Amino acid sequence: MMDWDLIRSFLVVAETGTLAAAADELGISQPTIGRHIDALERQTGLILFSRGRHGMLPTEAGLSLVDEARAMRDGANRFAIRAAGSSERVSGTVRITASEVVATYILPAILARFAGAEPNIEIELVASNAAENLLSRDADVAIRMFRPTQNDLIVRKINEMGMGVYAHRELFEPHRVPETFEELLQHRIIGLDRSNLIIDGMARLGLKADRSMFGIRTDHQIAYLELVRAGAGVGFISHYIAARTPDLIRLIPKIAIVSLPLWLASHQELRTSRRIRRVVDFLADEIAVLPLTEGY
């Protein structure tokens, strides 16, 4: 019988190209990864990698085993999901992934209430804009601003985040607040760096825009919000978050910015787990009643 730990280390080294990268991904030491590769080569009688200054390159023999190793990993993931779904304990750990904005400005108060209601359930919160893979157990529950399309997921829309144009009140005298988009462009606009989200949104409104019109640019959601709060320029942010900053004023309310949907997703096998089902239902109930779409 082959040790799965050895095969897993072999697969991750083949995919990442170095022992160091594989160690980071698996959360174990680089020497341990090296020992796993050596042990697997002894057991199989094969040389699986050519070792050089630039990393670990799979040999022909190694490449011939990669697909089988991936199939084993997929099977192990399915086993873990089925086992987690069969758990009847209302305790243990649930891993939630959400965007930086949702994880920072929406979930903390909700999770504080959840911790009081379910002290035996431990929460791991991943604040990330990356699309963690629920099928490989990167997370148990995901809150997305787009509808997940992976198979075997249970998905429901729980709210919408209304958006508006906001700026710090000190940027404008009372009689100089812009009333049209053309007047707005006379001021510094905070935009996104590599993302086209704002540019595409303007295009849907019939407005021509390019990256050069943004005096300050960042793709980091929290940095973007803090720039608007600090008075660095005009920005496009959530009504819900703006309402919690008294010094922000809304500009040109007649501009209809498309709301961002909030989707709650979990793997269908995990819904048979009482602890995960409890987290999913709690999040859905709490987020659904938040006044996310309301502007002023």
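Please refer to the structure higher up on the page.
Description of the structure in this document. Note that the coordinates shown come from a computational prediction; the quantities given were computed from them, not determined experimentally.

1. Quick notes on the overall build of the chain
Tallying secondary structure elements over the chain gives ten helices and twelve strands in all. Over its C-alpha atoms the chain spans a radius of gyration of 24 Å, topping by over 25% the 19 Å that the globule rule assigns to 296 residues. Dimensions of the chain, computed from C-alpha atoms along their principal axes, come out at roughly 80 × 50 × 30 Å. Among the 296 residues that make up the chain, the fraction classed as buried is 44%. Considering only contacts in the chain between residues 6 or more positions apart, those separated by 24 or more positions represent 74%. Accessible surface, the chain: about 15,600 Å² in total, of which carbon and sulfur atoms supply 51%.

2. Side note on the pattern of salt bridges
The final tally for this structure, using the stated rule, is 13 salt bridges. Arginine 95 serves as the salt-bridge partner of glutamate 124, at 3.0 Å between the closest nitrogen and oxygen. You can see glutamate 124 sitting in strand β4 (residues 121-127) and its partner arginine 95 sitting in strand β3 (residues 92-98), a full 29 residues away along the chain. Residue classification places glutamate 124 among the partly exposed residues on the basis of a relative accessible area of 36%.

3. Focus: the nonpolar core
Core analysis: the biggest nonpolar cluster contains 59 residues, and Leu107, Val141, Ile143, Leu251 and Leu283 have the highest contact counts within it. Ranked by the residues each element gives to this core, the list is headed by helix α5 (residues 100-117), at nine residues. Counting residues in hydrophobic clusters, the runner-up holds 18 residues, among them Val13, Ala22, Ile33 and Val66.

4. Observations concerning the sheet that holds strand β11 (residues 248-251)
Across a sheet, paired strands are connected by hydrogen bonds in the backbone, their directions being either parallel or antiparallel. The three strands lie next to each other as β10-β7-β11, forming an open sheet whose pairing is antiparallel. Strand pairing shows two members of the sheet lacking a second neighbour, β10 (235-238) and β11, which therefore form its edges. With strand direction ignored, the average angle separating the axes of adjacent strands in the sheet is 55 degrees. Strand direction decides the pairing type here: strand β7 (residues 163-168) and β10, joined by four bridges, are antiparallel. Among the inter-strand pairings, valine 165 is bridged to a residue of β10, identified as phenylalanine 236. Contacting β7, β10 and β11, helix α8 (residues 221-229) runs over the sheet at an angle of about 110 degrees to β10.

5. Concerning the pairing of β7
Most of β7 sits inside the fold, with six of its six residues counted as buried. A two-sided burial pattern is seen for β7, the buried positions comprising Met163, Val165 and Ala167 on one face and Gly164, Tyr166 and His168 on the other. Examined bridge by bridge, β7 and β11 share four bridges and lie antiparallel to one another. The residue of β11 that forms the bridge with valine 165 is leucine 251.

6. Overview of unusual backbone geometry
One non-glycine residue, isoleucine 252, lies in positive phi territory at about 45 degrees. Relative to the helices and strands, isoleucine 252 is located in the loop between β11 and β12 (260-267). Note on isoleucine 252: relative accessible area 6%, which makes it buried.

7. A few points about helix α3 (residues 30-44)
Here α3 contains 15 residues, and its C-alpha end-to-end distance of 21 Å stays within 8% of the 21 Å for a straight helix at 1.5 Å per residue. Restricting attention to buried positions, one finds in α3 the residues Thr32, Ile33, Gly34, His36, Ile37, Ala39, Leu40 and Glu41. For α3, the secondary structure elements touched by its buried residues are α1 (4-16), α2 (19-26), β1 (49-52) and β2 (55-58). After α3 finishes, the residue glycine 45 shows a positive phi value of roughly 75 degrees.

What counts as what
Residues numbered from 1 in each chain as written. Predicted model: local features only at pLDDT ≥ 70, side-chain atom pairs only at ≥ 80, totals over all residues. Heavy atoms only, no water. Helix = DSSP H or I, 4+ residues; strand = E, 2+ residues; numbered from the N terminus. Rg over C-alpha atoms; globule rule 2.2 N^0.38 Å. Buried < 20%, exposed > 50% of the residue type's maximum accessible area, 1.4 Å probe, protein only. Contact = heavy atoms within 4.5 Å. Areas by Shrake-Rupley, 256 points an atom, 1.4 Å probe, with all protein chains shown as cover. Salt bridge = Lys/Arg side-chain N within 4 Å of Asp/Glu carboxyl O. Core = buried A, V, L, I, M, F, W, Y, C linked by side-chain atoms within 4.5 Å. Pairing = 2+ DSSP bridges. Axes fitted to C-alpha atoms, helices over the stretch in contact; angles between N-to-C directions. Expected span 1.5 Å × (residues − 1).

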